[in-house]
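Listed below, chain by chain, are the residues.
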Amino acid sequence: MRLNDFQISENFNLREFQCPCCHAVMLHGRLLAALQRLRDMLSRPVIITSGYRCAAHNKAVGGVKNSLHMRGLAADIASDGAMMESLRNLARVAGFSRVITYPARSFAHLEISDD
Ligand SMILES: [Zn+2]
Ligand SMILES: [Zn+2]
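Residues numbered from 1 in each chain as written. Chains lettered and ligands numbered in written order. Predicted model: local features only at pLDDT ≥ 70, side-chain atom pairs only at ≥ 80, totals over all residues.

(A) Quick look at the environment of L42. Tracing the chain through its elements places L42 in helix α1 (residues 29–42). For L42 and L87, which are 45 residues apart along the polypeptide, the C-alpha to C-alpha distance reads 8.5 Å. (Helix = DSSP H or I, 4+ residues; strand = E, 2+ residues; numbered from the N terminus.)

(B) Region of the structure containing unusual backbone geometry. With a phi angle near 65°, N4 is a residue other than glycine that sits in the positive phi range. Residue classification places N4 among the partly exposed residues on the basis of 17 C-beta atoms within 10 Å. A positive phi angle is found at S43, which is not glycine, with a value near 55°. Here S43 is to be found in the loop between α1 and β1 (48–50). Classification of S43 by C-beta neighbours within 10 Å gives exposed; the count is 6. (Buried ≥ 20, exposed ≤ 12 C-beta atoms within 10 Å, placed from the backbone.)

(C) Geometry of α1. Between its first and last C-alpha, α1 extends 20 Å over 14 residues, near the 20 Å set by a 1.5 Å rise per residue. Residues L31, A34 and L35 constitute the buried set of α1. The buried residues of α1 occupy an angular sector of 100° when the element is viewed end-on, so they sit on one face. Facing away from the buried side of α1 by over 90 degrees, the exposed positions are G29 and D40. Buried-residue contacts for α1 involve β2 (74–78) and α3 (84–94). S43 lies just past α1 and shows a positive phi near 55°. (Expected span 1.5 Å × (residues − 1). Arc of directions from axis to C-beta. Contact = placed C-beta atoms within 7 Å.)

(D) Up close: the sheet that holds strand β4 (residues 107–111). Spatial ordering of the open sheet is given by β1-β2-β4-β3, a layout of four strands whose pairing is antiparallel. Strands at the two margins of the open sheet, each flanked by one partner only, are β1 and β3 (98–102). Between one strand axis and the next, the sheet turns by 30° as a mean value, whatever way the strands run. In this structure, β2 lies alongside β4, joined through five bridges in antiparallel fashion. Across the sheet, residue A75 finds its bridge partner in β4, namely L110. (Pairing = 2+ DSSP bridges. Axes fitted to C-alpha atoms, helices over the stretch in contact; angles between N-to-C directions.)

This is the structure we're talking about:
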């Protein structure tokens, strides 16, 4: 069995959230719950393009200095441009506190508050 390779909810595996450079992972339970709710509402796969990031990886990908990716409170998911508006609305309902869409780069950043 590979490191972090286990199912943590109906549709997500912990491995999907690990840092690509060092395989470290932190994932807040409320972030996972919101992602699973979004997945249930979409009824289609939600592809995590960036989950946990260690400080070095966050810097390497140009993340903001205090990125919530470094605390397991944010995830980026793939989305095509046409889906962005409905994704934004569904993400709010799913419980994310902040949604930033990047139509030109085909992904959306989703985060939960840390309180
Ligand atoms: Zn790393
Ligand atoms: Zn992000």
